[in-house]
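What follows is the residue order along each chain.
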Amino acid sequence: TPEPTPEPTSNPTPEPTPGPTPEPTPSPTPEPTPEPTSNPTPEPTVQPTPVPTSRPTLVPTPEPTSKPSAAPSLSSFPSASPSNSPSESQAPTCLDQFDPVDICLAVDESGSVCDPTPLTTPTLCTNCDCVPDTDPVATQDQTCCVNYDATIQFADLFIELADDRSANSANVGTVFYSTGASIGTMLTTPAGAQASVMAEQYNGGWTNTGGAINKCQEVLNAGTSPKKVMVLLTDGNPTATDSAVNVGGAGGDARNFATAAANSVKSDGVTVIPVGIGGNIDVPYLTGLGSAPEFYLGVTDFDR
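This one's a predicted model, so the numbers in the text were calculated from it and none came from an experiment. (Residues numbered from 1 in each chain as written. Predicted model: local features only at pLDDT ≥ 70, side-chain atom pairs only at ≥ 80, totals over all residues. Heavy atoms only, no water.)

Draft legend 1. Geometry of helix α1 (residues 146-164). In a regular helix each residue adds 1.5 Å, so 19 residues correspond to 27 Å; α1 covers 27 Å between its end C-alpha atoms and thus fits that length. Along α1, the positions that sit buried rather than exposed are Tyr 148, Asp 149, Ala 150, Thr 151, Ile 152, Ala 155, Asp 156, Ile 159 and Ala 162. Of the surrounding secondary structure, the elements contacted by the buried residues of α1 are β1 (101-108), β2 (171-177), α2 (190-199) and β4 (227-234). (Helix = DSSP H or I, 4+ residues; strand = E, 2+ residues; numbered from the N terminus. Expected span 1.5 Å × (residues − 1). Buried < 20%, exposed > 50% of the residue type's maximum accessible area, 1.4 Å probe, protein only. Contact = heavy atoms within 4.5 Å.)

As structure tokens, then:
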């Protein structure tokens, strides 16, 4: 009609209004709604769900569970926070033992070992104050002097201790050096290395430290153990190379030769332990030949 009726109709239209009814439906829908409601329910459900949900809740529960899990879980990384109770762990391993290791022991037999004064010309064995067979300090007449006897006794004891503290027995090689350097034995059993030490005859001469390190590197390169150690026994500073003698002193060829040899063997992963005997030692220099400052060992005399 062009104009509205002056009064409303007396009865509603037969179709429902498009808007919602003022009251909710008396029963819930048979299927859950696809999205959560905008507000949580004011109270928790009376019974818990029979199985856990596939994913954790976004907010932790206000109280811990009454009982721990039946078995601990294994993880690759430590937990962010410590557990409330300590877990049982295996007994600690003994720290003074080490697994398979290859060791090269370099023994200084230069002339200064058997001469207590600094030498300009190295003393050969025939000029040393050799210990006679009747001297109870010496174990064999080729040790020539008490100092060298003490050196080989130390070497013998070191090999014995390395064997005792090695979980799977150490492999030990020996090198002896003065003007030159030579291999006493390639890597062998501790008993074989001890025999090599005790059979060595003192030579005297200059101190070719670099040559000794190179020979030890040759010995260790023949081994297969992942851990390799070189122990360098000396009572003095380098004074010779493989091609020259009397070239010691700070910045001298002998020191440069020894330093280069030490750097080479350390770059191969070998742990270098210098042992300085007596007071005629340039401690900072000899410490630098080692793998770390704490690896340098110094003793005041051959009896220590």
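Draft legend 2. Inspection of unusual backbone geometry at higher detail. One non-glycine residue, Asn 246, adopts positive backbone phi at about 55°. Mapped onto the secondary structure, Asn 246 falls in the loop between β4 and α4 (253-267). Given the relative accessible area of 53%, Asn 246 is considered exposed.

Draft legend 3. Region of interest: the state of the cysteines. Tallied over the entire structure, the rule returns one disulfide. Each sulfur of the disulfide joining Cys 104 and Cys 216 lies 2.0 Å from the other. One quick way to see it: the torsion about the S-S bond of Cys 104 and Cys 216 is about -75°, and its sign makes the bridge left-handed. Residue Cys 104 is found in strand β1, and its partner Cys 216 is found in helix α3 (residues 209-221); the two are separated by 112 residues along the sequence. For the residue pair Cys 104 and Cys 216, the accessibility class agrees, reading buried in each case. (Disulfide = S-S within 2.5 Å.)

Draft legend 4. Inspection of α4 at higher detail. Helix length check: α4, at 15 residues, gives a terminal C-alpha distance of 21 Å against a target of 21 Å (1.5 Å per residue), a fit within 8%. Listed as buried for α4 are Ala 254, Arg 255, Ala 258, Ala 261, Ala 262 and Val 265. One side of α4 carries all its buried residues, which in axial view fall inside an arc of 130°. Summarising the contacts, the buried residues of α4 are in contact with α3, β4, β5 (271-277) and α5 (283-289). Taken from the residues just after α4, Gly 269 is the one with a positive phi, measuring 90°. (Arc of directions from axis to C-beta.)

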